[in-house]
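# Examination of the molecular architecture
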Amino acid sequence: ATGLANLHPPIIGKFAPMPISTALALPQSNELSHRSRSHGAISYGTLWGYLKDSKERFAEYEKLLDYYHASEHLSQAAEALFGKKSDEGTRWYLRWCAKLKIEEWAVDGLIRSLRYHQQNRKLRAASAKGYKHQLGFFVRNRQWINYASFVNRNLPIGSRPTEAACKTIVKERMCRSGMRWTRSVRASPLLTLRAIHKSKQWDQTWNEYRRQLWNKAS
């Protein structure tokens, strides 16, 4: 039972401009093929280190730890360091939340700050243990905490849009009254078209489909 408290349900949010031809099973145009190279994957929880095949499955993706999950750990570090509802702790927490989003590899400065306070503050045993855990979290996941790089490219840094899409794109369509789905009935084409519709890109998609179909015929 004690081990269960340390488990985090992994939520992976993938984002990549899908070539329209992929959704409609047509050959890719060079322009769309070039656009499809921008891949990213966001994980809630320390997932990348635990998936044995993560390197192969997500080899083409830039990996990122969910920003809001990391900020929760940062909040817990501030609480262990400065105490609950401390003004100093709040300022420290907000400063580093901002730095992580606007400075490239700000996580390195955060780790130095955490280590500095660890060496120069006298913490109670319980606080010291919790603080060490939070420090370890940022050290282990450092390579997946470069939020400024994603922000500068207008890419998402949290898995919340993916979680919302799971509801609006998948659940609301697939879990209607009386519906039954089997492995032989693939829902991917249906959900792809639904995602295009919900993204308000139907006309653009249809025009591109017709253009590619025309080029193929000629």
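Rules used throughout
Residues numbered from 1 in each chain as written. Predicted model: local features only at pLDDT ≥ 70, side-chain atom pairs only at ≥ 80, totals over all residues. Heavy atoms only, no water. Helix = DSSP H or I, 4+ residues; strand = E, 2+ residues; numbered from the N terminus. Buried < 20%, exposed > 50% of the residue type's maximum accessible area, 1.4 Å probe, protein only. Contact = heavy atoms within 4.5 Å. Areas by Shrake-Rupley, 256 points an atom, 1.4 Å probe, with all protein chains shown as cover. Expected span 1.5 Å × (residues − 1). Patch = residues over 30% accessible without salt bridge, like charges linked within 9 Å, V, L, I, M, F, W, Y side chains within 5 Å. Salt bridge = Lys/Arg side-chain N within 4 Å of Asp/Glu carboxyl O. Polar contact = N/O pair within 3.5 Å; in protein donor to acceptor, adjacent residues only side chain to side chain. Axes fitted to C-alpha atoms, helices over the stretch in contact; angles between N-to-C directions. Parallel < 35°, antiparallel > 145°, perpendicular 65-115°, else oblique. Left-handed = near helix turned anticlockwise from the far one by under 90°. Nonpolar A, V, L, I, M, F, W, Y, C, P; charged D, E, K, R; others polar. Core = buried A, V, L, I, M, F, W, Y, C linked by side-chain atoms within 4.5 Å.

## Considerations on the overall build of the protein chain
- When helices and strands are tallied, the protein chain shows eleven helices and three strands.
- Each of the 218 residues in the protein chain was classed as buried or not, and the buried ones make up 36%.
- In the protein chain, of all internal contacts separated by at least 6 residues, the share reaching a separation of at least 24 is 61%.
- Only carbon and sulfur atoms are counted for the fraction: they give 52% of the accessible area of the protein chain, which is about 14,700 Å².

## Some remarks on helix H7 (residues 125-140)
- The end-to-end C-alpha separation of H7 is 22 Å, in line with the 22 Å expected for 16 residues at 1.5 Å each.
- Contact partners of the buried residues in H7: strand S3 (62-65), helix H4 (67-82) and helix H6 (106-120).

## Points about a nonpolar patch on the surface
- A cluster of nonpolar side chains, namely Leu193, Trp202 and Trp206, defines an oily patch on the protein surface of about 300 Å² accessible area.
- Secondary-structure assignment places Leu193 in helix H10 (residues 188-198).

## Side note on H4
- Compared with the 22 Å implied by 1.5 Å per residue over 16 residues, the 22 Å span of H4 between its first and last C-alpha is a close match.
- You can read the cap of H4 off the contacts: a side-chain oxygen lies 3.2 Å from the backbone nitrogen of Tyr68, and it is on Asp66.
- Positive phi shows up at Gly83, right after H4, with a value of about 95°.

## Remarks on the side chain of His73
- On the secondary structure map, His73 appears in helix H4.
- Of the residues examined, His73 reaches a relative accessible area of 7% and is grouped as buried.
- There is a polar contact of 2.7 Å between the side chain of His73 and the side chain of Gln134.

## Overview of the packing of helix H9 (residues 160-174) against H10
- Interhelical geometry of H9 versus H10 gives an angle of 125° and a closest axis separation of 10 Å. As summarised for this structure, H9 and H10 are arranged oblique, according to the angle between their axes. Where H9 crosses over H10, the two elements pack in a sense that is right-handed. Across the interface between the two elements, Thr168, Ile169, Val170, Glu172, Arg173 and Met174 of H9 pack against Leu190, Leu191, Arg194, Ala195 and Lys198 of H10.
- By residue class, the composition of the contact of H9 with H10 is six nonpolar, one polar and four charged.

## Overview of the environment of Glu103
- Tracing the backbone through its elements, the reader meets Glu103 in the loop between helix H5 (87-102) and H6.
- In the structure, Glu103 is positioned 45 residues away from Ala148 in sequence and 5.5 Å away in space, judged by C-alpha atoms.

## Here we look at the side chain of His117
- Tracing the sequence through the fold places His117 in helix H6.
- Taking the relative accessible area as the measure of exposure, His117 reaches 13% and is therefore buried.
- Aside from chain neighbours lying at most four places away, what touches His117 is Leu81, Phe82, Trp92 and Tyr131.

## Thoughts on the nonpolar core
- Core analysis: the biggest nonpolar cluster contains 28 residues, and Leu74, Trp92, Leu100, Leu110, Leu114, Phe138 and Tyr147 have the highest contact counts within it.
- Of the residues forming this core, the biggest block, eight residues, is contributed by H4.
- Leu100 has contacts with Tyr67, Leu74, Ala106, Val107, Leu110, Ile145, Tyr147 and Ala148, leaving out every residue within four places of it along the chain.

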